[in-house]
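Coordinates in review
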Amino acid sequence: MGLVATVVAGDQLSVRVGEYAHMLATTVSPASMAASKLQMYEAFNLTAAEAVARAEALLDPMMAGPDYREGVAALREKRPPRFSDLSPG
């Protein structure tokens, strides 16, 4: 996820956090973000095998959905994505 992939000076931390948050808000579908958050919260109470199974269960429908197709199309066309605002069920 790149959450600890960069070290910055203390006075630049707020700027870099803002940039990272902006990137997530503009390039990740709301449904994907919700599924990722759900997976992280649930993983605390699961074994590694259960967490992997849960991740797969969340990923499969996401990859079959319209936001996945839109993300791929936006990347290919070098344009910002236009995601739906639907969260996973």
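All values derive from a computational prediction rather than experimental measurement.

A separate point is the overall build of the protein chain. If you tally the helices and strands in the protein chain, you get 4 helices and 0 strands. Going residue by residue from the N terminus, the α and β elements of the protein chain occur as α-α-α-α. Its C-alpha atoms put the protein chain at 40 × 35 × 20 Å along the principal axes. Contacts in the protein chain between residues at least 24 apart in sequence constitute 45% of all its contacts with a sequence separation of at least 6.

Where nonpolar side chains cluster on the molecular surface, the patch consists of L59, M63 and Y68 and spans about 280 Å² of accessible area. In this structure, Y68 sits in helix 4 (residues 66-77). The exposure class assigned to Y68 is partly exposed, which follows from its relative accessible area of 39%.

A few words now on the side chain of E70. The residue E70 is located in helix 4 in this model. Relative accessible area serves as the criterion here: at 14%, E70 is assigned to the buried category. At 2.8 Å, the side chain of E70 forms a polar contact with the backbone nitrogen of R82.

Where helix 2 (residues 30-43) contacts helix 3 (residues 48-63), the two axes come as close as 10 Å, and the packing angle between them is 170 degrees. On the basis of the axis angle, helix 2 is roughly antiparallel to helix 3. In contact with A31, S32, A35, L38, Q39, E42 and A43 of helix 2, helix 3 contributes A51, R54, A55, L58 and M62. Class assignment for the residues of the contact of helix 2 with helix 3 results in 8 nonpolar, 2 polar and 2 charged.

Considering the arrangement of structural elements, one finds E77 in helix 4. For E77 and Y41, which are 36 residues apart along the polypeptide, the C-alpha to C-alpha distance reads 34 Å.

Phi at K78 takes a positive value of approximately 55 degrees, unusual for a residue other than glycine. Here K78 falls in the exposed class, since its relative accessible area comes to 77%.

On to helix 3. Compared with the 22 Å implied by 1.5 Å per residue over 16 residues, the 22 Å span of helix 3 between its first and last C-alpha is a close match. When we look at burial in helix 3, the residues that qualify are A51, A55, L58 and M62. Here the buried residues of helix 3 occupy an arc of 70 degrees about the axis, which is enough to place them on one side. Turned more than 90 degrees from where helix 3 packs its buried face, A49, D60 and P61 sit exposed.

Here is what the cut-offs are and how they apply
- Residues numbered from 1 in each chain as written.
- Predicted model: local features only at pLDDT ≥ 70, side-chain atom pairs only at ≥ 80, totals over all residues.
- Heavy atoms only, no water.
- Helix = DSSP H or I, 4+ residues; strand = E, 2+ residues; numbered from the N terminus.
- Contact = heavy atoms within 4.5 Å.
- Patch = residues over 30% accessible without salt bridge, like charges linked within 9 Å, V, L, I, M, F, W, Y side chains within 5 Å.
- Areas by Shrake-Rupley, 256 points an atom, 1.4 Å probe, with all protein chains shown as cover.
- Salt bridge = Lys/Arg side-chain N within 4 Å of Asp/Glu carboxyl O.
- Buried < 20%, exposed > 50% of the residue type's maximum accessible area, 1.4 Å probe, protein only.
- Polar contact = N/O pair within 3.5 Å; in protein donor to acceptor, adjacent residues only side chain to side chain.
- Axes fitted to C-alpha atoms, helices over the stretch in contact; angles between N-to-C directions.
- Parallel < 35°, antiparallel > 145°, perpendicular 65-115°, else oblique.
- Nonpolar A, V, L, I, M, F, W, Y, C, P; charged D, E, K, R; others polar.
- Expected span 1.5 Å × (residues − 1).
- Arc of directions from axis to C-beta.

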